[in-house]
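Reading the structure
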Amino acid sequence: MNAIVPETFQELDPSPRLIMGPGPVDVYPRVLRAMSVPMLGQFDPEFTEYMNEIMALYRQVYQTQNQWTFLINGTARAGIEACLGSLVSCGDKVLVPRFGRFGYLLTEIAQRVGGDVVNLDAEWGTVFETDRICDAIRKERPRVVALVHGDTSTTMAQPLEGISAVCQEVDALLYVDTTATLCGMPIPVDDLQLDAVSTGLQKCMSGPPGTSPITINERAAAVINNRKHIEGGIRPDDYVAGNGPKIISNYLDLGMLMDYWSPKRLNHHTESTSMLYAARECARVILEEGLEAGFARHERASRALRSGLQAMGLELFGDQTNSMTNITGILIPKACGDGEGVRSQMLHDFSIEIGTSFGHLAGVIWRIGTMGYVCRKSNVLRCVNALDAVLRRHGFDAPANAGVDAVLDVYAGDSNG
Ligand SMILES: Cc1ncc(COP(=O)(O)O)c(C=O)c1O
């Protein structure tokens, strides 16, 4: 038998990167500090008060009065699975309009929880006319409509106005995945009458991936409560199970999670303490800046970046009237092949990460994120400057300084860059 040689590896010492891909992005230093404060027991009144504060903070972030606004432990897709798994029962019809990779993810998750999924497809790089979605809702009369707001894979954002009213006409619930856009673009949950919404921390909120803030309204809560099933060993004496089918996941059962996040504090998992601290600090940073100021900062950085890229002779990808204002898609110039050489040199020589995409857009577009803590004039300038130098070495000659000049022009006179 071979002896096991002890190996402890080096102390963690990651290179200081500027992460300008489609997420995750650099984390706010305040959030990193918050993650290193001491643990508390999950029923310590100080900790349960932090849970209440999370609910209050995320109501503001989501611009909602929804009581049920809390965290799902896991990355953004855990939030999606919690929402869809708790709202969709086996055999329920689910309409999923797809305009990128993440529409496929919603489809996959809705199918796995037993949904009978009907898709509507738009070409990647475009979004749907609202009427097309509304007509499909009236025709299909689904139980749930599941929609991505900003599809990171294509950098497009689907306008959400006018969809909930039609959902209500046919008594469908509207779920929206805002992983890539919350805090980067306006998503006023109550004004838009969205029934269930989830997100992740690692994009415009500049936190680490690992917890998913969600919000659900009373319409959605009623469906979940009708499926309420409390696990054995913790059932209160007055427990009566709901009439509807049991939610298939225990970990992502929103009914039990609502009890855990309510004053009942009925035990479920052990809340991920450091991630809760992170989520709390992310929300505090964002709300201190102000949501509107944050949206404006993201819009300005994207405009500056796009202006710089176009001045360099690069072509932007997709329908620019419906592009996300926090991630920019760029067609990879022919001279640069699949673009991997450029990405690699950006990373290794300049320590700047940019992304490519998925499916038929892999090696066809680059994606540059200007999100959260990263979304600043100095970073846009650093990125455009580095790209200018790297592109030249990969056979694409941009007019000298044109990119940086164009970025500076957009920011000219703006001290808030
Ligand atoms: C729109 C969208 N939805 C869902 C996800 C999945 O997020 P996670 O990797 O945090 O599970 C992502 C990740 O990039 C995303 O961009």
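Here's what I pulled together on the structure shown here. (Residues numbered from 1 in each chain as written. Predicted model: local features only at pLDDT ≥ 70, side-chain atom pairs only at ≥ 80, totals over all residues. Heavy atoms only, no water.)

Some points on the overall build of the protein
- Within the protein, the regular secondary structure consists of 13 helices and 14 strands.
- Each principal axis of the C-alpha distribution contributes one length, and for the protein these read about 75 × 60 × 60 Å.
- For the protein, contacts bridging at least 24 residues in sequence account for 72% of all contacts bridging at least 6.
- Accessible surface, the protein as shown: approximately 17,600 Å² in total, 51% of it carbon and sulfur. (Helix = DSSP H or I, 4+ residues; strand = E, 2+ residues; numbered from the N terminus. Contact = heavy atoms within 4.5 Å. Areas by Shrake-Rupley, 256 points an atom, 1.4 Å probe, with all protein chains shown as cover.)

Let's talk about the environment of Met-39
- Among the secondary structure elements, Met-39 is positioned in the loop between α1 (29-34) and α2 (45-61).
- Given the relative accessible area of 52%, Met-39 is considered exposed.
- The spatial distance from the C-alpha of Met-39 to the C-alpha of Thr-273 is 6.6 Å, given a sequence separation of 234 residues. (Buried < 20%, exposed > 50% of the residue type's maximum accessible area, 1.4 Å probe, protein only.)

Some details on the pairing of strand β14 (residues 365-369)
- Burial runs high along β14: five of the five residues are buried.
- Of the two faces of β14, the one carrying Ile-365, Arg-367 and Gly-369 and the one carrying Trp-366 and Ile-368 are both buried.

With respect to the packing of α2 against helix α9 (residues 273-289)
- Orientation of α2 relative to α9, taken along the N-to-C sense of each, is 40 degrees, at an axis distance of 10 Å. Taken as axis vectors, α2 and α9 run oblique relative to one another. Along this stretch, α2 crosses α9, giving a crossing that reads as left-handed. Together, Phe-47, Tyr-50, Met-51, Glu-53, Ile-54, Leu-57, Tyr-58, Gln-60 and Val-61 of α2 and Thr-273, Leu-276, Tyr-277, Ala-279, Arg-280, Cys-282, Ala-283, Arg-284 and Leu-287 of α9 make up the contact between the two elements.
- By residue class, the composition of the contact of α2 with α9 is 13 nonpolar, two polar and three charged. (Axes fitted to C-alpha atoms, helices over the stretch in contact; angles between N-to-C directions. Parallel < 35°, antiparallel > 145°, perpendicular 65-115°, else oblique. Left-handed = near helix turned anticlockwise from the far one by under 90°. Nonpolar A, V, L, I, M, F, W, Y, C, P; charged D, E, K, R; others polar.)

Here's the deal with the packing of helix α10 (residues 291-311) against helix α13 (residues 402-411)
- Between α10 and α13, the shortest axis-to-axis distance is 7 Å and the interhelical angle comes to 150 degrees. Here α10 lies roughly antiparallel to α13, going by the angle between them. The handedness of the crossing between α10 and α13 comes out as right-handed. Taken together, the residues of α13 that come into contact with α10 (itself represented by Arg-300, Ala-301, Arg-303, Ala-304, Ser-307, Gly-308 and Ala-311) are Ala-402, Gly-403, Ala-406, Val-407, Val-410 and Tyr-411.
- Residue classes in the contact of α10 with α13 are distributed as eight nonpolar, three polar and two charged.

Focus on the packing of aromatic side chains
- Scanning all chains against the criterion turns up six aromatic pairs.
- Here Phe-99 and Phe-128 contribute two aromatic rings whose centre-to-centre distance is 6.3 Å and whose plane-to-plane angle is 90 degrees, an arrangement assigned as edge-to-face. Placement of Phe-99 in the loop between β3 (93-98) and α4 (101-112) and of Phe-128 in the loop between β4 (116-121) and α5 (130-140) is noted, with a sequence separation of 29 residues between them.
- Given the relative accessible area of 1%, Phe-99 is considered buried.
- Residue class for Phe-128 comes out buried when judged on its relative accessible area of 4%.
- Aromatic side chains Tyr-104 and Trp-124 sit 6.3 Å apart centroid to centroid with 65 degrees between the ring planes, which places their arrangement in the edge-to-face category. Of this pair, Tyr-104 sits in helix α4 while Trp-124 sits in the loop between β4 and α5; the two residues are 20 residues apart in sequence, bridging distant segments of the chain.
- Overall, the relative accessible area of 16% leaves Trp-124 in the buried class. (Phe/Tyr/Trp six-rings, centres within 6.5 Å; stacked < 30°, edge-to-face > 60°.)

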